[in-house]
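Working through the structure, step by step
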Amino acid sequence: MEVRIHESWKNHLSQEFSKTYFEELVGFVRTEYSTRTIFPPAKLIFNAFDRCPFESVKVVILGQDPYHGPGQANGLCFSVADDIRHPPSLQNIFKELNEDLDIPIPQSGNLEPWADQGVLLLNATLTVVARQAGSHQNKGWEEFTDAVIRKLSDERSNLVFILWGSYAQRKGEVIDGKRHFVIQSPHPSPFSAARGFFGSKPFSQANHYLHSSGIEPIDWDLTRSG
């Protein structure tokens, strides 16, 4: 089955694409896009992979679902398209970034500059029905993204995995903590951010680990991107 995704990921996930669950998932997603309003736009379903080839990944941030409001989702977890108001979790991520590294809060919530530097912004589920949170859960996406995490854990070394909240932490149980650096904290949602997300310093922790591993750190400052 032909899947439109960056060639490096095709090479590493080719066996996954031929499995029955994935073929059924593709059929389901095609039907959904042809009959309902689905986010993100179809061409951006694999945006996280297309902007961050397998060999370029340095940091993995795990989310759950794409945003389900009009114009928000752009295929990267926690990210929104330019000129879209920052959702509450993203507002809190930027607050922590400001506290952690004294980086100004950007006007745009588009995280593509992070992805282009090697931050895989991976949602567990890659599609969603408009205004229906969680509507494409348990259709096969989770099995696919579990395989992505397992591949990265097994075939790469010295990655940083940032797991915000219990959902991401459960999904990250397959990560080899001896090969990689795992950062865990509560979710940046307004319902949990004050219980340990604020003050967790994930961005400086990630960069310190990358630097100590001889890997170029991430420039988290979105106000410098063109």
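As a reminder, the structure under discussion sits directly above these lines.
Before going into details, it helps to say that this report is about the structure given with it. Since this is a predicted model, take the numbers as computed values, not measurements.

Criteria and thresholds
Residues numbered from 1 in each chain as written. Predicted model: local features only at pLDDT ≥ 70, side-chain atom pairs only at ≥ 80, totals over all residues. Heavy atoms only, no water. Helix = DSSP H or I, 4+ residues; strand = E, 2+ residues; numbered from the N terminus. Rg over C-alpha atoms; globule rule 2.2 N^0.38 Å. Axes fitted to C-alpha atoms, helices over the stretch in contact; angles between N-to-C directions. Parallel < 35°, antiparallel > 145°, perpendicular 65-115°, else oblique. Left-handed = near helix turned anticlockwise from the far one by under 90°. Contact = heavy atoms within 4.5 Å. Nonpolar A, V, L, I, M, F, W, Y, C, P; charged D, E, K, R; others polar. Pairing = 2+ DSSP bridges. Right-handed = clockwise from strand over helix to strand, strands pointing away. Buried < 20%, exposed > 50% of the residue type's maximum accessible area, 1.4 Å probe, protein only. Core = buried A, V, L, I, M, F, W, Y, C linked by side-chain atoms within 4.5 Å. Expected span 1.5 Å × (residues − 1). Phe/Tyr/Trp six-rings, centres within 6.5 Å; stacked < 30°, edge-to-face > 60°.

In terms of regular secondary structure, the protein chain is built from eight helices and six strands. When the helices and strands of the protein chain are read in sequence order from the N terminus, they spell out α-α-β-α-β-α-α-β-β-α-β-α-β-α. For 226 residues, the compact-globule formula gives about 17 Å, and the C-alpha radius of gyration of the protein chain, at 17 Å, lands near that figure. Projecting the C-alpha coordinates of the protein chain onto the three principal axes gives extents of approximately 45 × 35 × 35 Å.

Our next topic: the packing of helix α1 (residues 7-17) against helix α6 (residues 141-155). At a closest axis distance of 11 Å, the pairing of α1 and α6 adopts a crossing angle of 130 degrees. Here α1 is positioned oblique relative to α6, judged by the angle of their axes. In the crossing of α1 with α6, the sense of the turn from one axis to the other is right-handed. Side by side, α1 and α6 meet where Trp9, His12, Leu13, Glu16 and Phe17 of the first sit next to Glu143, Phe144, Ala147, Val148, Lys151, Leu152 and Glu155 of the second. Here the residues of the contact of α1 with α6 are counted per class, giving seven nonpolar, one polar and four charged.

We now examine the pairing of strand β6 (residues 181-185). Relative to β6, strand β5 (residues 160-164) is paired through five bridges, and the arrangement is parallel. Each bridged residue has a counterpart across the sheet, and for Leu163 the counterpart in β6 is Gln184. Note that the unit made of β5, helix α7 (residues 165-171) and β6 has a crossover that is right-handed.

So, on to the pairing of strand β2 (residues 59-63). Burial runs high along β2: five of the five residues are buried. Alternating residues of β2 divide into Val59, Ile61 and Gly63 and Val60 and Leu62, and every residue in both groups is buried. Across four bridges, the pairing between β2 and β5 is parallel. The residue of β5 that forms the bridge with Val59 is Val160.

Right, let's get into the nonpolar core. Of all hydrophobic cores here, the largest spans 66 residues; its most connected members are Trp114 and Phe144. Excluding residues that lie within four positions of it along the chain, Trp114 makes contacts with Ile93, Phe94, Leu97, Val119, Leu121, Phe203, Asp219, Trp220 and Leu222.

Here the focus is α6. Between its first and last C-alpha atoms α6 spans 21 Å; for 15 residues at 1.5 Å apiece the expected length is 21 Å, and the two agree. For α6, every residue scored as buried is listed here: Trp141, Glu142, Phe144, Thr145, Ala147, Val148, Ile149, Leu152 and Ser153.

A separate point is the packing of aromatic side chains. Applying the stated criterion across every chain yields a total of 19 aromatic pairs. Taking the centre distance of 5.9 Å and the plane angle of 65 degrees together, the rings of Phe46 and Phe49 count as edge-to-face. Assessed through its relative accessible area of 10%, Phe46 is described here as buried. Pairing Trp164 with Phe197 gives two aromatic rings, centres 5.3 Å apart and planes at 90 degrees, and the pair type is edge-to-face. Separated by 33 residues along the polypeptide, Trp164 in strand β5 and Phe197 in the loop between β6 and α8 (202-212) bring together distant segments of the chain. Taken individually, Trp164 and Phe197 each receive the classification buried, so the pair is uniform in this respect. Within the aromatic cluster, the residues linked to one another by ring pairs are Trp9, Phe17, Tyr21, Phe22, Phe46, Phe49, Phe54, Trp141 and Phe144.

Backbone-to-backbone hydrogen bonds pair the strands of a sheet. The strands run either parallel or antiparallel. With respect to topology, four strands assemble into an open sheet ordered β3-β2-β5-β6, the strand pairing being parallel. Where the open sheet ends on each side, the last strands, each with one partner, are β3 (119-123) and β6. Sheet twist, expressed as the mean angle between neighbouring strand axes with direction ignored, is 20 degrees. Sheet analysis places β2 next to β3, joined by five bridges and oriented parallel. Among the inter-strand pairings, Val59 is bridged to a residue of β3, identified as Val119. Those strands touched by α6 are β2, β3 and β5, and its axis lies near 150 degrees from that of β3. Sheet contacts for α8: β2, β5 and β6; angle to β5, the most-contacted strand, approximately 165 degrees.

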